[in-house]
Amino acid sequence: TLIPATIKLTGLAFVGAPATIDQGQTIDLSQYVVYTPNNAVDKSLTWSVDHTSQGEVDQDGKLTAKHVTGTITVTATSVRVPSVSASHTLTITVPTITDFTLSETEATMNIGGTKTLNITDFVPEYATASANFSSSNTDVATVNKNGVITAKAIGDAIITATIGEVEKSCTVHVVAVTVNSIS
């Protein structure tokens, strides 16, 4: 009985892998690995990164960048032939936010009252950012950097939240405090 020769892996390369990854993004780098020869019997790999402060890679080759800038190098190494490996370096970038949700688009407030506008549902979903808030009429309502609106006087104001090129607004109607009864 003849036993077939085991075809060993002799080379690895990353082909077509992206040069950048957004902060918080996950990319499956295993899909960019090319094996030499392609018919090698054992293609199992271990994965590592050069700086865990920059990101993490799981043993399936999925890289997740942390919320920092810089570069990260990922290395895939053959389990069976540890001398065979390939590395790929990516630049970690700040994601461009293309949309988000403002918790309210219209609100009625009493003079002296406060309300917080929250930013959620970023696109892309792994992105995070702080909004710049502004009021169209600071005599009626002001807003601080955390999205806390303070009603000042009767009237209307438009509170705008801006992240990059995306703006969302909430129309605030400030009314007088209603007194139900006086004892």
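Here the residue numbers are simple positions, counted from 1 along each chain's written sequence. Under the rules for a predicted model, residues below a pLDDT of 70 receive no local features and side-chain atom pairs below 80 are neither given nor counted, while totals for whole chains, interfaces and linings still include all residues. Hydrogens are left out, water is left out, and the side-chain values use all remaining heavy atoms of the structure.

## What to know about the sheet that holds strand E7 (residues 62–65)
Two strands qualify as a pair provided that DSSP identifies no fewer than 2 bridges between them. Only runs of H or I of at least four residues qualify as helices and only runs of E of at least two qualify as strands under DSSP, and these elements are numbered from the N terminus. As summarised here, the arrangement of the 3 strands in space is E3-E7-E6, forming an open sheet in which the pairing is antiparallel. Each of the sheet's edge strands pairs with one partner strand only, and the pair in question is strand E3 (26–28) and strand E6 (55–57). Across the sheet, the mean angle from the axis of one strand to that of its neighbour is 15°, orientation sign disregarded. Summarising the sheet, E3 and E7 pair through 3 bridges and their orientation is antiparallel. Looking at E7, one finds that Ile-27 is bridged to Leu-63. Lines fitted to the C-alpha atoms define the axes, with helices restricted to the stretch that makes contact. Angles between their N-to-C directions range from 0 to 180 degrees.

## Some thoughts on the sheet that holds strand E2 (residues 20–22)
The strand order E2-E9-E8-E5 describes an open sheet built from 4 strands, whose pairing is mixed. The open sheet terminates on both sides in strands that have one partner only, identified here as E2 and strand E5 (45–49). The mean angle between the axes of side-by-side strands here comes to 30°, regardless of whether they run parallel or antiparallel. Summarising the sheet, E2 and strand E9 (residues 85–93) pair through 3 bridges and their orientation is parallel. By the bridge assignment for E9, Ile-21 is matched with Ile-92.

## Thoughts on the pairing of strand E8 (residues 70–78)
Looking along a regular strand, one sees side chains alternate from face to face of the sheet. Burial classes: relative accessible area under 20% of the type maximum marks a residue as buried, over 50% as exposed, and values in between as partly exposed (1.4 Å probe, protein chains only). Judged by how many residues are buried, E8 sits mostly within the fold: 7 of 9 residues are covered. By the bridge criterion, 5 bridges tie E5 to E8 in an arrangement that is antiparallel. Across the sheet, Ser-48 pairs through a bridge with Thr-75, a residue of E8. Both E8 and E9 contribute to a ladder of 8 bridges, which runs antiparallel. If you follow Gly-70 over to E9, its bridge partner there is Ile-92.

## What to know about the pattern of salt bridges
Here, a salt bridge means any side-chain nitrogen of Lys or Arg that lies within 4 Å of a carboxyl oxygen of Asp or Glu. All told, the structure shown has 3 salt bridges when counted by the stated rule. Its salt-bridge partner being Lys-66, residue Glu-56 comes within 3.5 Å of it at the nearest N-O pair. Of this pair, Glu-56 sits in strand E6 while Lys-66 is found in the loop between E7 and E8, placing the two residues 10 residues apart along the sequence. Judged by its relative accessible area of 48%, Glu-56 is partly exposed. Ionic pairing is found between Lys-115 and Glu-104, a salt bridge with its closest N-O pair at 3.5 Å. Highlighted residues: Lys-115 in strand E12 (residues 114–116) and Glu-104 in the loop between strand E10 (99–102) and strand E11 (106–110), separated in sequence by 11 residues. Relative accessible area serves as the criterion here: at 25%, Lys-115 is assigned to the partly exposed category.

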